[in-house]
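A structural walkthrough
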Amino acid sequence: MSRASQDGRPMSAMERALSGAAIEVTAKATRRRFTTDYKRKIVREADACQTPGAVGALLRREGLYSSHLTTWRAARERGDLAGAAKKRGPARRVADPRDKRITELERESTRWRQRAERAEALVELQKQVAASLGTPSTEPS
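Everything in this summary refers to the structure shown in the same document. In this text the structure is predicted, and so the values were computed from the model without any measurement.

Digging into helix 3 (residues 54–62)
Among all positions in helix 3, only A54, L58 and L59 are buried. Looking down the long axis of helix 3, one finds its buried residues gathered within 140 degrees of arc, a one-sided arrangement. The inward-facing, buried residues of helix 3 contact helix 2 (36–48) and helix 4 (66–78).

Listed below in structure tokens is the structure:
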């Protein structure tokens, strides 16, 4: 089915592209998301189907694939459809009060260690100054 130009001859691909009539932009497809309640409802309805072809009619009516039903039935068997939907991402870590106390003690220990090192460095400096000035040290030998 080729289009005709105004003079009656068929339009070339370039002419069709330039006319803009044949250009069609499709929207980007988005993945469908189904709620847990909807999945439970469909699985329940599919299990209630007694006549041949009833499950297929249900799937056509809802616009679903048989793989959806298979996956949802397996999820039901695992217990995934029983409760609310699981939150995605890493599990939230509950802070243990002992961990907090350990962190505080480590921080305090580091602070005291640094303070002791500074004091020792000052004592060494005082000894060097005293030795260079010729002042006898008060420290017992």
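A look at helix 5 (residues 97–133)
Think of an α-helix as turning once every 3.6 residues; residues three or four places apart then point the same way. Between its first and last C-alpha atoms helix 5 spans 54 Å; for 37 residues at 1.5 Å apiece the expected length is 54 Å, and the two agree. Looking at the residues trailing helix 5, positive phi occurs at G134, about 85 degrees.

A short note on the side chain of H68
Within the element layout of this structure, H68 appears in helix 4. On the accessibility criterion, H68 (18% relative accessible area) is buried. Setting aside residues up to four positions removed in sequence, H68 forms contacts with R32 and F34.

The rules we used
Residues numbered from 1 in each chain as written. Predicted model: local features only at pLDDT ≥ 70, side-chain atom pairs only at ≥ 80, totals over all residues. Heavy atoms only, no water. Buried < 20%, exposed > 50% of the residue type's maximum accessible area, 1.4 Å probe, protein only. Helix = DSSP H or I, 4+ residues; strand = E, 2+ residues; numbered from the N terminus. Arc of directions from axis to C-beta. Contact = heavy atoms within 4.5 Å. Expected span 1.5 Å × (residues − 1).

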